[in-house]
Amino acid sequence: MKWEFKSGVPIYLQIITTLKMKIAGGDLPPGSQVKPVRELAMEAGVNPNTMQRALTQLEQEGLMYTLRTSGRFVTEDTEVLKKMRETLSEEHIKEMFEALGKLGMSGEEIVDAVASYEKKERK
């Protein structure tokens, strides 16, 4: 797993976002076991406490659960996963609209541009 961190945003929040994207994208499928905290922390180049904080937050959100002797797993709750995907997509759409709005595009122009782009990609 490749980890890239940006300045200005707490690392644990970036870890949460990265793991959510991995879950949404299928790299961490429902029911799959997550690597141990120390191993993930080494891969990411962060303090294990930082990684633990991120994983604890994901558990609180219902995206992961821990089995005492077996480790941590991605939830298999389809409703929780669906809600996470919706939230992630809304965040990306919001960012896109804000960025293109700064270029002077109206909402309608942005929607038309997205539709046009999608048609080109299908060819």
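Note that residues are indexed from 1 along each chain, following the sequence as it is written. Given that this is a predicted model, residues contribute local features only at a pLDDT of at least 70 and side-chain atom pairs are listed and counted only at 80 or more, while totals for whole chains, interfaces and linings are drawn from all residues. No hydrogens and no water enter the side-chain calculation; it runs on all heavy atoms of the structure.

Asker: Help me understand the packing of aromatic side chains, please; the structure alone is not making it clear to me.
Answerer: What characterises a pair of aromatic rings is the spacing of the ring centres plus the angle enclosed by the ring planes. Pairing of aromatic rings covers Phe, Tyr and Trp, the last through its six-membered ring, and needs centres within 6.5 Å; plane angles under 30 degrees mean stacked, over 60 mean edge-to-face, and all others mean tilted. For the coordinates displayed, the defined rule picks out 2 aromatic pairs. Ring geometry for W3 and F5: centres 6.2 Å apart, planes at 25°, overall stacked. Classification of W3 by relative accessible area gives buried; the value is 11%. Measuring from ring centre to ring centre gives 5.7 Å for Y65 and F73, while their planes differ by 20°; the resulting arrangement is stacked. What makes Y65 partly exposed here is its relative accessible area of 29%. The ring of Y12 carries the charged tip of R53 above its face, separated from the ring centre by 3.7 Å. For every residue, the accessible area obtained with a 1.4 Å probe (protein chains only) is divided by the maximum for its type, and the residue is called buried under 20%, exposed over 50%, and partly exposed between those limits. Each ring is checked for a lysine NZ or an arginine CZ that lies within 6 Å of its centre and within 35 degrees of its normal; such an atom marks a charge sitting over the ring.

Asker: Honestly, helix α4 (residues 78-102) in this entry has me stumped. Any pointers?
Answerer: Because each turn of an α-helix spans 3.6 residues, side chains separated by three or four positions end up pointing in the same direction. Helix and strand assignments come from DSSP, with helices taken as H or I runs of at least 4 residues and strands as E runs of at least 2, each series counted from the N terminus. Each helix should span, by expectation, one fewer than its residue count multiplied by 1.5 Å. With 25 residues, α4 should cover 36 Å at 1.5 Å per step; its first-to-last C-alpha distance of 36 Å lies within 8% of that length. By definition in these notes, contact holds between two residues if any of their heavy atoms fall within 4.5 Å. In this fold, the buried residues of α4 make contact with α1 (11-24). The opening residue of α4, the one whose side-chain oxygen lies 3.0 Å from the backbone nitrogen of E79, is D77. Looking one or two residues past α4, G104 carries a phi angle of roughly 95°, positive in sign. Two N or O atoms count as a polar contact when they lie within 3.5 Å, although within protein this holds only if one can serve as hydrogen donor and the other as acceptor, and sequence-adjacent residues are included solely when both atoms are side-chain atoms.

Asker: Which parts of the structure should I look at to understand a nonpolar patch on the surface?
Answerer: A grouping of I93, M96, F97, V111 and V114 is seen on the molecular surface, where their side chains present a nonpolar patch of about 380 Å² in accessible area. Ranked by residues supplied to the nonpolar patch, first place goes to α4 with 3 residues. Locating V111 in the fold gives a position in helix α5 (residues 107-122). Distance thresholds for patches are 9 Å for like charges and 5 Å for nonpolar side chains (Val, Leu, Ile, Met, Phe, Trp, Tyr), applied to residues having over 30% relative accessible area and no salt bridge. Accessibility throughout is a Shrake-Rupley quantity obtained with a 1.4 Å probe, and a residue counts as covered only by protein chains that appear here. Between Lys or Arg on one side and Asp or Glu on the other, a salt bridge is scored when a side-chain nitrogen of the former is within 4 Å of a carboxyl oxygen of the latter.

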